[in-house]
Amino acid sequence: MAQARDRSARLLETGMALASELSLPVLLQRIVELAVEITGARYGALGVIGPDGDLDDFLTTGVTDEERAAIGPLPRGHGLLGALIHDARPLRLGEITSDRRSSGFPANHPPMHSFLGAPLRARGQVFGNLYLTKNEGGPDFTLEDEEALVTLATQAGIAIANARLYEATRLRERWLDAVRETTGAILAGAEPDAVLRLVARRARELVDADLATIVTPGPAGDAMRITIAEGAHAAELEGMTVPLEGSLSGEVIRTAGPLLLDDASNDPRSYQPMVSSGQMGPSLFVPLSLRGAAFGTLAVANLVGRRRFNADDVRLVESFADQAALGLEYSRTQRELHRLSLVEERERIAKELHDGVIQSLFAVGLSLEGTAGIVVESRVAARLHDAVNEIDRAIGDLRSYIFGLRPHVLASGRGLGAALDQLAHEFQSTAAVTTVVELDESLEAPLAANAVHIVQLTREALSNVGRHAAAQTCRVSLRRQGAAAVLEIDDDGRGFVVAAFAGRGGMGLGNLQSRAASIGGGLEITSLAGEGTTVRISLPV
């Protein structure tokens, strides 16, 4: 009798304790521990039933982390565990293996004999089941144990309902905060990668995942790239190439629908380098779509053996995939608007220059041309004609810069080598300095993106030679040096003291230095009086 009163008092205390706990994971673990304590069980477990009717989570007590890892994946709800799922009534057995519904134990599972189970109901639905067992030689579970467990299960059901309601409210708040933060970053004009990283981080936090990745198109048409990785093993994954064919991301893009997996590491559609590097187990992939077409994926994953995702997780991650796609579309639109504004500004500048500067240059050129016609001295006339030609070239450059932001020597798709050859030819004609070009042709393609800058660096250096060096010969060289390229312009002129011009920006040196720095290059100038000057510019390849 005293033992019964003690148990009743203990059950009353547990009911009050459970009602005060609002964290669902903490509550579930506490329920298992109390069930073991009240019934004198050796082992206890609480299986949470998922939307598909299988066990979605499985909490234990009495089993160490090492023993759980040795047992392997969590049970799905077969055998006696499944019997309680399909027939939600208390079940008490003296020997587990004697029941025909028992499917046995996996390898490395501790021995268990007597069994007691009871369903947990929350808000009229079966939330999960409590499973208790004892070792061989211990007393079997009694009817009083069963009644106590049913009472605890009833109290636990009410506490679970309250905790789930509280958790849903908190999750809604976190979701709104995350959407607000992401939308704010998009509207503030954050870089696309920064928006995507925020989306991945927030999606991972909301579903309590170990890892989140965003896969977007790579430079090759048949491959994609893990643009963003957040969480476990992110460093190994970020930047990895993922094929369209033979990957879960490719499958989601083809179907334009979400993909929910219990274990990505065992799925034949997985791209194993990605899955194994991230140790991805339970995984969820959703498409990133722009204007109705899927182009990438947002994925969240747990490590092998961890919790599986459910339908609620799918809805949350899909909402963040929409945010990621919105961010990319907004960034694309902003870049397009910026490009259009640049075009409009360029057209305005073109009109101003055409009506002002270019017309003035035309007038000067015509005046010089007329003067050349009445000059008797042939050498003076020739110099005037050269000046007119320079004005024509300046007008051509102005037009090219206004409409194409490229000097005339790069117009009509001409390569870097041809442009440097023409610059050297023009310089030799106007400055009367013998000029040669030495070019490593294998550099033309790698340096194409910076061709305009290289032409302008060469033009500036040659202009310095023509104005200051009094040289007889000049060499323009573009060659490889290790992992970089080197542009050199050297002459045999009078030279100068480089230190005397440090910080003054004279002789166009400031222009050379700033332009080289703008493309990640470096400038080095060496010169000796009477022995010429070498301008050396290192260029990233």
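So, a few notes on the structure that sits alongside this text.

Calculation rules
Per chain, residues are indexed from 1 in the order of the written sequence. Reporting in this predicted model follows two pLDDT cut-offs: at least 70 for local features of residues, and 80 or more for side-chain atom pairs to be given and counted; totals over whole chains, interfaces and linings ignore these cut-offs and use all residues. To obtain the side-chain values, all non-hydrogen atoms of the structure were used and water was disregarded. Throughout, the protein atoms alone are placed on a 1 Å grid, and a set of points is a cavity if a 1.4 Å probe fits but cannot get out or a pocket if it is open with protein on both sides within 12 Å along at least five of seven lines; lining residues have an atom within 4 Å of a point. Grid points are joined across faces, edges and corners, and a volume is the space filled by probe spheres set on the points. Secondary structure elements follow DSSP: runs of H or I no shorter than four residues count as helices, runs of E no shorter than two count as strands, and numbering proceeds from the N terminus. For this scheme, ten residues count as nonpolar: Ala, Val, Leu, Ile, Met, Phe, Trp, Tyr, Cys and Pro. Four count as charged, namely Asp, Glu, Lys and Arg, and the remainder, Gly too, count as polar. Every residue pair with non-hydrogen atoms within 4.5 Å of one another is taken to be in contact. Residue exposure (1.4 Å probe, protein chains only): buried if accessible area is under 20% of the type maximum, exposed if over 50%, otherwise partly exposed. Here a polar contact is recorded for every N or O atom pair within 3.5 Å, except that within protein the pair must consist of a potential hydrogen donor and a potential acceptor, and residues adjacent in sequence are included only if both atoms are side-chain atoms. Two strands qualify as a pair provided DSSP detects at least 2 bridges between them. Take the residue count of a helix, subtract one, and multiply by 1.5 Å to get its expected span. The axes used here are C-alpha line fits, helices contributing only the stretch in contact, and every angle between their N-to-C directions lies in the interval 0 to 180 degrees. Salt bridges are identified by distance alone: a Lys or Arg side-chain nitrogen within 4 Å of an Asp or Glu carboxyl oxygen. Orientation labels follow simple angle bins: below 35 degrees gives roughly parallel, above 145 gives roughly antiparallel, 65 to 115 gives roughly perpendicular, and whatever is left gives oblique. By definition, any crossing whose near helix is turned counterclockwise from its far helix by less than a right angle is left-handed, and any crossing with a clockwise turn is right-handed.

Counted by the stated rule, this structure contains one cavity of 30 Å³ or more. Volume-wise, the largest cavity comes out at about 40 Å³. Looking at the largest cavity, the residues that line it are Ser-247, Leu-248, Ser-249, Ser-270, Tyr-271, Met-274, Val-275, Met-280 and Phe-285. Going through the elements one at a time, α8 (248-255), α9 (272-278) and β10 (280-290) are the ones with two or more residues in the lining of the largest cavity. Across the lining of the largest cavity, the residue classes break down as six nonpolar, three polar and no charged.

A separate point is the layout of surface pockets. Volume-wise, the second largest pocket comes out at about 490 Å³. Surrounding the second largest pocket, 15 residues form its lining, Glu-390, Phe-427, Thr-430, Arg-459 and Ser-463 being those nearest its centre. Among the secondary structure elements, those contributing two or more residues to the lining of the second largest pocket are α11 (378-404), α12 (416-431) and α13 (451-469). Residue composition of the lining of the second largest pocket, by class: five nonpolar, four polar and six charged.

Turning our eyes to something else, we now look at the side chain of Asp-313. Tracing the backbone through its elements, the reader meets Asp-313 in helix α10 (residues 311-374). Discounting residues that sit within four places of it in the chain, Asp-313 has contacts with Val-207, Leu-284 and Arg-307.

Another point: the environment of Asn-464. Relative to the helices and strands, Asn-464 is located in helix α13. Asn-464 sits in the buried class, given a relative accessible area of 9%. Once the C-alpha coordinates of Asn-464 and Leu-509 are considered, the two residues, 45 residues apart in sequence, prove to be 8.7 Å apart. There is a polar contact of 3.1 Å between the side chain of Asn-464 and the side chain of Arg-467.

Summarising burial for strand β6 (residues 211-217): six of the seven residues are buried, a large majority. Bridge count between β6 and strand β7 (residues 223-231): seven bridges; the pairing is antiparallel. Residue pairing in the sheet places Ala-212 in a bridge with Glu-230 of β7. As paired strands, β6 and strand β11 (residues 293-303) are joined by five bridges and run antiparallel to one another. Bridge pairing links Val-215 to Thr-297 in β11.

Moving on to α12. The end-to-end C-alpha distance of α12 is 22 Å, a good match for the 22 Å that 16 residues give at a rise of 1.5 Å each. Positive backbone phi, at 55°, marks Ala-432, one or two positions downstream of α12.

Glancing now at the sheet that holds β7. Across the sheet, which stays open at both edges, the six strands sit in the order β8-β7-β6-β11-β10-β9 with antiparallel pairing between neighbours. With one partner strand each, in any of the chains shown, β8 (241-243) and β9 (259-261) form the two edges of the open sheet. Ignoring which end each strand starts from, the neighbouring axes of this sheet average 25° apart. On top of the sheet, helix α6 (residues 192-206) reaches β6, β7 and β11; it is set at about 55° to β7, its chief contact.

Once that is clear, we can look at the pattern of salt bridges. Counted by the stated rule, this structure contains 24 salt bridges. Its salt-bridge partner being Glu-488, residue Arg-536 comes within 2.5 Å of it at the nearest N-O pair. In this pair, Arg-536 sits in strand β16 (residues 532-540) while Glu-488 sits in strand β14 (residues 484-491), placing the two residues 48 residues apart along the sequence. A relative accessible area of 24% means that Arg-536 is categorised as partly exposed. Given a relative accessible area of 5%, Glu-488 falls into the buried group. In the salt-bridge network here, residues are joined through shared partners; they are Glu-438, Arg-475, Arg-479, Glu-488, Asp-490, Glu-524 and Arg-536.

The next subject is the packing of α12 against α13. With their axes 10 Å apart at the nearest point, α12 and α13 run at an angle of 15° to one another. Viewed along their axes, α12 and α13 adopt a mutual orientation that is roughly parallel. Along this stretch, α12 crosses α13, giving a crossing that reads as right-handed. Along the contact surface, α12 presents Leu-416, Ala-419, Leu-420, Leu-423 and Phe-427, while α13 presents Ala-451, Ile-454, Val-455, Thr-458, Arg-459, Leu-462, Val-465 and Gly-466.

Moving on to the side chain of Asn-310. Considering the arrangement of structural elements, one finds Asn-310 in the loop between β11 and α10. A distance of 3.0 Å separates the side chain of Asn-310 from the backbone nitrogen of Asp-312, its partner in a polar contact.

Backbone-to-backbone hydrogen bonds join strands into a sheet, with any given pair of strands oriented parallel or antiparallel. Pairing is mixed in the open sheet, where five strands are placed in the order β12-β13-β14-β16-β15. Strands with a single pairing partner mark the edges of an open sheet, and in this sheet they are β12 (434-439) and β15 (522-528). Put simply, the sheet's adjacent strands are angled 10° from each other on average, direction ignored. When β12 meets strand β13 (residues 473-481), the two strands line up parallel, connected through six bridges. Note on β13: the bridge partner recorded for Val-437 is Val-476. Contacts between α12 and the sheet are confined to β12 and β13, with β12 contributing the most and set at about 170° to the helix. Relative to β14, α13 is tilted by about 20°, and along the sheet it contacts β13, β14 and β16.

Function-wise, these values are silent; they only describe arrangement.
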